[in-house]
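So the chains spell out like this:
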Amino acid sequence: MIIVFLGPPGSGKGTQADILHDNHGFFHFDTGSRLRAEIASGSELGQRIASFTNAGKLVPIEIIKEMILKFLREADAERIMFDGFPRNLAQAEVLDEGLKEYGDDLDYAVYLEIDEDNLLARIVNRRFCSKCGEIYNLISKPPKQAGICDNDGAELTQRKDDTEEVFGTRLKVYLEETKPVLDYYRQAGKLHTIDGDYDIEDVSRAVAELLGV
Ligand SMILES: [Zn+2]
């Protein structure tokens, strides 16, 4: 089974992807870490990738496709998940080409949808412990004592990106870029939207039910 797993920043997609990996054995393709791993391996492909990233250039889509094919062949896994990929229509098309060359086909495009206002509220109320990294939410998971970590008494901080202004812009860019991708999968009859406005357990149950795993 091959799936793509999409969702806006802050939607909890990362957590759900981890659950699919840990509990359901999905092999995980995430572009950023694949690019880094390929470069670190010193392979011929990695050297070509580095020639772009070192120059601060975007890695061309043909190289992304090569990387996808290499991943599929090396993984040779029953369950594969593309996490946060494709980001745009060109990548969605290249993924289809890669899968075709590999001799397989996409089964599901799963989109974790969250109400935009909920998402913003979730983000601006997020706080981190500067010491142990524990994540709090002033509304859904507040610390016992305001501004102080329950674990170690260290001060809680807010990430610079977690303001309505910065995050709102990031979200807007994501939604604009992703809309054509969602339309592409909808037309192919492969788009499945999961309501992400619930607890982690409820959402992961809905995802597993959809995929029949
Ligand atoms: Zn702490």
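These notes cover the structure that comes with them. (Residues numbered from 1 in each chain as written. Predicted model: local features only at pLDDT ≥ 70, side-chain atom pairs only at ≥ 80, totals over all residues. Heavy atoms only, no water.)

Between its terminal C-alpha atoms helix 7 (residues 164-187) stretches 33 Å, which fits the 34 Å expected from 24 residues at 1.5 Å a residue. Regarding helix 7, the residues found buried are Phe167, Leu171, Tyr174, Thr178, Val181, Leu182 and Tyr185. At the C-terminal side of helix 7, Gly189 shows a positive phi close to 75 degrees. (Helix = DSSP H or I, 4+ residues; strand = E, 2+ residues; numbered from the N terminus. Expected span 1.5 Å × (residues − 1). Buried < 20%, exposed > 50% of the residue type's maximum accessible area, 1.4 Å probe, protein only.)

Ordered by their spatial adjacency, three strands build an open sheet running 6-5-7, and the pairing between neighbours is antiparallel. Lying at the two open borders of the sheet, with one neighbouring strand each, are strand 6 (135-137) and strand 7 (156-157). Where strand 5 (residues 126-129) meets strand 6, three bridges bridge the pair, whose relative direction is antiparallel. Opposite Arg127, over in strand 6, you have Tyr136 as the bridge partner. (Pairing = 2+ DSSP bridges.)

So, about the sheet that holds strand 2 (residues 27-29). Taken together, five strands build an open sheet; the order of strands is 2-3-1-4-8 and the sheet is parallel. Of all strands in the sheet, those bounded by a partner on one side alone are strand 2 and strand 8 (191-195). Taken pair by pair, the neighbouring strands of this sheet meet at an average axis angle of 25 degrees, ignoring direction. Two elements, strand 2 and strand 3 (residues 80-83), share three bridges in a ladder whose sense is parallel. (Axes fitted to C-alpha atoms, helices over the stretch in contact; angles between N-to-C directions.)

Moving on, we get to the nonpolar core. Val4, Leu6, Ile68, Leu72, Phe82, Leu95 and Tyr185 are the most contacted members of the largest nonpolar core, which has 30 residues in total. Secondary-structure elements contributing two or more residues to this core are strand 1 (2-6), helix 3 (44-53), helix 4 (61-75), strand 3, helix 5 (89-102), strand 4 (108-113) and helix 7. The dominant element in this core, judged by the number of residues it contributes, is helix 4, at seven residues. Residue contacts for Phe82: discarding those within four places in its chain leaves Ile2, Ile3, Val4, Phe5, Phe29, Ile68, Phe71, Leu72 and Leu95. Ranked by size, the runner-up nonpolar core spans 12 residues in total, among them Ile3, Phe5, Val110 and Ile194. (Core = buried A, V, L, I, M, F, W, Y, C linked by side-chain atoms within 4.5 Å. Contact = heavy atoms within 4.5 Å.)

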